[in-house]
Amino acid sequence: MASAAASAPPTPANLKRIVAASLIGTTIEWYDFFLYGSAAALVFNKLFFPDSDPLVGTLLSFLTYAVGFAARPIGALVFGHYGDRLGRKKLLVLSLLLMGGATFAIGLLPTHATVGSAAPVLLTTLRLVQGFALGGEWGGAVLLVSEHGDARRRGFWASWPQTGAPAGQLLATGVLSLLTAVLSDTAFGTWGWRIPFLLSGVLVIVGLWIRLSVDESPVFQQALAQAEARKAARTTEAEKLPLVSVLRYHWRDVLIAMGARMAENISYYVITAFILVYATTSAGVSKQTALNAVLIASAVHFAVIPLWGALSDRIGRRPVYLLGAAGVGLWMFPFFSLIDTGGFGNLILAVTVGLVLHGAMYAPQAAFFSEMFATRMRYSGASIGAQFASVAAGAPAPLIATALLADYDSSTPIALYVIAAAVLTLVAVGVAKETRHRDLAEVEPVVDAEPATARTADARTA
């Protein structure tokens, strides 16, 4: 009865509020990602590293960007630990405050001309805070939705936080395009660049208002009550740290999640970020044309993610995920061939098909990862699997692709790089178990639920 109650779907109004609470955080996350990357290329090299030559200054500004990736696994460990101990809602409120607060603070930073070498130190510190907060944001956001709904439509509802990626990209690019259209280069470089960062404060206020109005996950509340009851009755050994339990009972699931992320993460950064390098240098396309193609494709990406999520509810997480991984791998050679033509229509087709196939992996990922782990270690398990993989996959993907292009002056090695990631994902998801019918309240390691006295008696009998 308790399990059924925990899995009962909330009212439509409450569920929409829960989805909005999750989506606002992931939107801010990707808004910050694209905003910071653009600012690093456009103005940070001049404002924070003026003593370096232009190329070195750009590299240093991108280095501060990479620092954020390095901090994500730390955030995954810390937020996962306390999210599994204290609850999803509290940690999501904290992650939003840290993430949005750091982004807002970047808009207030003094530059090198004002405070000297302290400016890049402050910028790097805030980037560390952002990365730390982002490491815990994704896991909590998808769990908040997954644990409120029932298994019947979990894939659909849990896919909505995933739409934060295209939503954040559209929002960031739209704001930057508007500012560059109405401001001169001098005005944008002097003060205009601060506006998009300060606007994140509005998103944080809206996000806090929504997140504070939702309830804690009922599945987590039930698991916490059961753990407290066992502790009071002293029928089990002392509860282990979530990280220890994950590595002991769910290490295979962590490896599966990391493998599943490889093709999804690498293909996304090649399709949306590296394309700006390849299209402008090898295909002779202007940066604005390439950016417009990514924007149009991102709008389609946003629309198809919930559709892929709904399909995973009908046929399973694994079939949809495998379709996306295989599709991305097979699309890489046509992808670059279409870009090489230099035509805007072909560019839109290449990126759109790539992102639609990426969505087949990205959409069911939230429910798939949530359904792998037990409730009292789910935040840790999902976050560790996702964020540790991003350091090995997404963070170096544009750099690896750029290096391959520089060394071989051909798209073939880059296509093979993505295909290799797709094969790895196919293997990881292929050995995983289907999860779409799982009741999240029932995903518990048997050894943890078994009383210590029973284990002792069994040992004596043996």
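What you see is a predicted model; the values in this text were computed from it and never measured.

## Considerations on the packing of helix α18 (residues 397-408) against helix α19 (residues 412-430)
Right, so step 1: The N-to-C vectors of α18 and α19 enclose an angle of 145°; their axes lie 8 Å apart at closest approach. α18 and α19 meet at a crossing whose hand is right-handed. Each of Ala397, Ile400, Ala401, Leu404, Leu405 and Tyr408 in α18 lies in contact with α19, whose residues at this interface are Pro413, Ile414 and Tyr417.
Right, so step 2: A breakdown of the residues in the contact of α18 with α19 according to their chemical character gives 9 nonpolar, no polar and no charged.

## Points about the pattern of salt bridges
Right, so step 1: Overall, the coordinates contain 9 salt bridges when judged by the stated rule.
Right, so step 2: Between Arg88 and Asp84 there is a salt bridge, with the nearest N and O atoms lying 3.0 Å from each other. Of the two residues, Arg88 and Asp84, neither departs from the other in class, the shared state being buried.
Right, so step 3: With a shortest N-O distance of 2.8 Å, Glu371 and Arg317 are connected by a salt bridge. Of this pair, Glu371 sits in the loop between α16 (344-370) and α17 (378-392) while Arg317 is found in helix α15 (residues 317-340), placing the two residues 54 residues apart along the sequence. Here the two residues Glu371 and Arg317 agree in accessibility, since each one is buried.
Right, so step 4: What you see here is one network of salt bridges that share partners, running through Asp84, Arg88, Glu147 and Arg378.

## Re the packing of aromatic side chains
Two aromatic rings, taken as a pair, are described by how far apart their centres are and by the angle between their planes.
Right, so step 1: One pass over the structure, following the stated rule, counts 14 aromatic pairs.
Right, so step 2: When the ring of Trp30 is compared with that of Tyr268, the centres are 5.6 Å apart and the planes differ by 70°; the resulting orientation is edge-to-face. Of the two residues, Trp30 sits in helix α2 (residues 12-48) while Tyr268 sits in helix α13 (residues 251-281), which places them 238 residues apart along the sequence. Like Trp30, the residue Tyr268 is buried in the burial classification.
Right, so step 3: A centroid spacing of 6.2 Å and a plane angle of 40° characterise the contact between Phe368 and Phe369, whose relative ring orientation is tilted.
Right, so step 4: An aromatic cluster is built from Trp138, Tyr321, Phe368 and Phe369, whose rings are joined through pairwise contacts.
Right, so step 5: Over the ring of Tyr36 we find Arg127; its NZ or CZ atom is 4.4 Å from the centre of that ring.

## As for the nonpolar core
Right, so step 1: Core analysis: the biggest nonpolar cluster contains 129 residues, and Phe44, Phe48, Trp193, Phe335, Phe336, Ile339 and Phe369 have the highest contact counts within it.
Right, so step 2: For this core, the leading source of residues is α2, giving 18 residues.
Right, so step 3: Residues contacting Ile339, with those up to four places away along its chain left out, are Ile275, Tyr278, Ala279, Ala283, Leu347 and Ala350.

## Considerations on the side chain of Arg211
Right, so step 1: Of note, Arg211 is situated in helix α10 (residues 194-211).
Right, so step 2: For Arg211, the side chain forms a polar contact with the main-chain oxygen of Ala21, separated by 2.7 Å.
Right, so step 3: Aside from chain neighbours lying at most four places away, what touches Arg211 is Ala21, Ser22, Ile24, Gly25, Lys89, Leu92, Val93, Ser95, Leu96, Glu137 and Ala141.

## Some words on the packing of α13 against α18
Right, so step 1: Relative orientation of the contacting elements α13 and α18 amounts to 40°, with a least axis distance of 9 Å. Between α13 and α18, the angle is such that the two are oblique. Considering the relative orientation of α13 and α18, their crossing is right-handed. In this structure, α13 uses Ile266, Tyr269, Ala273, Phe274, Tyr278 and Thr281 to contact α18, whose residues at the interface are Ala397, Pro398, Ala401, Thr402 and Leu405.

Definitions and cut-offs
Residues numbered from 1 in each chain as written. Predicted model: local features only at pLDDT ≥ 70, side-chain atom pairs only at ≥ 80, totals over all residues. Heavy atoms only, no water. Axes fitted to C-alpha atoms, helices over the stretch in contact; angles between N-to-C directions. Helix = DSSP H or I, 4+ residues; strand = E, 2+ residues; numbered from the N terminus. Left-handed = near helix turned anticlockwise from the far one by under 90°. Contact = heavy atoms within 4.5 Å. Nonpolar A, V, L, I, M, F, W, Y, C, P; charged D, E, K, R; others polar. Salt bridge = Lys/Arg side-chain N within 4 Å of Asp/Glu carboxyl O. Buried < 20%, exposed > 50% of the residue type's maximum accessible area, 1.4 Å probe, protein only. Phe/Tyr/Trp six-rings, centres within 6.5 Å; stacked < 30°, edge-to-face > 60°. Lys NZ or Arg CZ within 6 Å of the ring centre and 35° of its normal. Core = buried A, V, L, I, M, F, W, Y, C linked by side-chain atoms within 4.5 Å. Polar contact = N/O pair within 3.5 Å; in protein donor to acceptor, adjacent residues only side chain to side chain. Parallel < 35°, antiparallel > 145°, perpendicular 65-115°, else oblique.

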